Amino acid sequence: MQLSELHEKCHQCSFNYSRIDTEAWGRFSSRRIMCPICGWTVYEEHRWEEDGTTKLMKRNEAQGFGAYRLIPPGGYTGYNAFHSEPTPEVLSHIKELLLDKGWKGYLSLWDVKERKAYLVQGHPLQKFDVNGNNGSK
C-alpha cells in the first residue's frame, strides 16, 4: 500500500492530507475521506465484481463546517466532522472537555465567508504533548 492511498487532497480547504478510512466485508467495501481541518467528507460504497473490478454503489459528499478529535484520558478516538453549523451548546461541551476535563484533541471551525478553517481549541497533534498544554484561539 502506498502512503498516497491513505490521504487525499481536501476539495474544500485544499489540505493535502484528508484521511481515508476503508472497510471491507465479502464483496462489498466502503471508503470515507474526511478532512481533519475543515470537516469536508466523502463516503462511498463499492461492490467488487468477480473479475476484480469495482462498481460504485453509493457516493455522498458533504461540506465541512469544522472538525474535532476528543481523546479521553487513557483512551483513543477517531476524527469527527461537522456537516452543519454546530450549536453553541455542542461547542461549549467540546471546549469544556478539552479545557477542564483532561481530554486531549482539538476543535476547528470552517468560516464560510472567509472560506478557511481556524483552530478554536487544542491542537491536532496534542496527543504527543506530554505536558498536557492546551492552545486556544
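Structure first, text after, so check above.
Trainee: Explain the pattern of salt bridges here, please?
Mentor: Following the criterion strictly, the structure yields nine salt bridges and no others. Note that Arg-32 is salt-bridged to Asp-21, the shortest N-O span being 3.5 Å. With Arg-32 in strand 3 (residues 28-34) and Asp-21 in strand 2 (residues 18-25), the pair connects residues that are 11 residues apart, well separated along the chain. When its relative accessible area of 28% is taken as the criterion, Arg-32 is described as partly exposed. Here Arg-27 makes a salt bridge to Glu-49, at a shortest N to O gap of 3.9 Å. A residue pair is termed long-range when its members are at least 10 positions apart, and Arg-27 in the loop between strand 2 and strand 3 and Glu-49 in the loop between strand 4 (41-48) and strand 5 (54-62) qualify at 22 residues. Owing to a relative accessible area of 26%, Glu-49 belongs among the partly exposed residues under this scheme. The structure contains a network of salt bridges with shared partners spanning Glu-8, Arg-31, Glu-44, Arg-59 and Glu-61.

Trainee: Before we go on, may I ask you to explain the sheet that holds strand 9 (residues 116-122) in this structure?
Mentor: Across a sheet, paired strands are connected by hydrogen bonds in the backbone, their directions being either parallel or antiparallel. Strands sit in the order 7-6-8-9 across an open sheet of four strands; the sheet is antiparallel. Of all the strands in the sheet, the pair left with one neighbour each is strand 7 (79-81) and strand 9. Along the sheet, successive strands turn relative to each other by an average axial angle of 25°, direction set aside. In this structure, strand 6 (residues 66-71) lies alongside strand 8 (residues 104-111), joined through six bridges in antiparallel fashion. Bridge pairing links Ile-71 to Lys-104 in strand 8. Against the sheet, helix 1 (residues 88-99) contacts strand 6, strand 8 and strand 9, and its axis sits at roughly 150° relative to strand 8.

Trainee: Hey, could you run me through the nonpolar core in this one?
Mentor: The nonpolar side chains of soluble globular proteins are, as a tendency, buried together. Phe-65, Tyr-68, Leu-70, Phe-82, Leu-91, Ile-94, Leu-97, Leu-98, Leu-107, Leu-109 and Val-120 together form the largest nonpolar core, which totals 11 residues. When contributions to this core are tallied by element, the ones reaching two or more residues are strand 6, helix 1 and strand 8. With four residues, helix 1 is the largest single contributor of residues to this core. Cys-10, Ile-20, Cys-35 and Cys-38 belong to the second-largest nonpolar core, a separate cluster that totals eight residues.

Trainee: Just to check I follow, could you spell out the side chain of Arg-69 for this structure?
Mentor: Within the secondary structure, Arg-69 sits in strand 6. Within the local environment of Arg-69, its side chain forms a polar contact with the side chain of Tyr-79, the two groups lying 3.1 Å apart.

Trainee: What exactly am I supposed to notice about the pairing of strand 6 here?
Mentor: On a regular strand, each side chain points to the face opposite its neighbour's, so the side chains alternate between the two faces of the sheet. Burial analysis of strand 6 places six of its six residues in the buried class, which makes it a mostly covered element. Neither face of strand 6 is open: one carries Gly-66, Tyr-68 and Leu-70, the other Ala-67, Arg-69 and Ile-71, and all of them are buried. Bridge count for strand 6 against strand 7 is three bridges, and the pairing is antiparallel. Note on strand 7: the bridge partner recorded for Tyr-68 is Asn-80.

Trainee: What exactly am I supposed to notice about the packing of aromatic side chains here?
Mentor: Ring pairs (aromatic) are described by centroid distance and by the angle formed between their planes. Tallying each qualifying case throughout the model produces three aromatic pairs. Pairing Tyr-68 with Phe-82 gives two aromatic rings, centres 5.0 Å apart and planes at 35°, and the pair type is tilted. Taken together, the positions of Tyr-68 in strand 6 and Phe-82 in the loop between strand 7 and helix 1 put the pair 14 residues apart, joining distant regions of the chain. Across the pair, exposure class does not vary: Tyr-68 and Phe-82 are buried alike. The interplanar angle of 50° and the centroid separation of 6.3 Å between the aromatic rings of Tyr-79 and Tyr-106 together place this pair among those described as tilted. One end of the pair, Tyr-79, is in strand 7; the other, Tyr-106, is in strand 8, with 27 residues separating them in the sequence. A relative accessible area of 1% places Tyr-106 in the buried class. A cation sits over an aromatic face here: Arg-69 above Tyr-79, 4.5 Å from the ring centre.

Calculation rules
- The numbering scheme is per chain: residues are counted from 1 as the chain's sequence reads.
- For this predicted model, a pLDDT threshold of at least 70 governs which residues receive local features, and a threshold of 80 or more governs which side-chain atom pairs are given and counted, while totals over whole chains, interfaces and linings are taken from all residues.
- With hydrogens and water excluded, all non-hydrogen atoms of the structure serve as input to the side-chain values.
- We define a salt bridge as a side-chain nitrogen of Lys or Arg found within 4 Å of a carboxyl oxygen belonging to Asp or Glu.
- Under the scheme used here, helices are H or I runs from DSSP no shorter than 4 residues and strands are E runs no shorter than 2 residues, and both carry numbers assigned from the N terminus.
- A simple rule labels every residue: compare its accessible area, found with a 1.4 Å probe on the protein chains alone, to the largest value its type can have, and call it buried under 20%, exposed over 50%, or partly exposed in between.
- Strand pairing is assigned whenever DSSP detects at least two bridges linking the two strands.
- Orientation is described by lines fitted to C-alpha atoms, with helices fitted over the stretch in contact, and by angles between N-to-C directions that extend from 0 to 180 degrees.
- Here a residue-residue contact requires only that any non-hydrogen atoms of the pair lie within 4.5 Å.
- Here the nonpolar core consists of buried residues drawn from Ala, Val, Leu, Ile, Met, Phe, Trp, Tyr and Cys, with membership extended through side-chain atoms lying within 4.5 Å.
- Two N or O atoms form a polar contact when they lie within 3.5 Å of each other; inside protein one atom must be a possible hydrogen donor and the other a possible acceptor, and for residues adjacent in sequence the pair counts only when both atoms belong to side chains.
- Stacked, tilted and edge-to-face are the three classes assigned to paired rings of Phe, Tyr and Trp, where Trp is represented by its six-membered ring and a pair needs centres within 6.5 Å; plane angles under 30 degrees give stacked, over 60 edge-to-face, the rest tilted.
- Charge-over-ring contacts are defined here by two conditions on Lys NZ or Arg CZ: a distance within 6 Å of the ring centre and an angle within 35 degrees of the ring normal.

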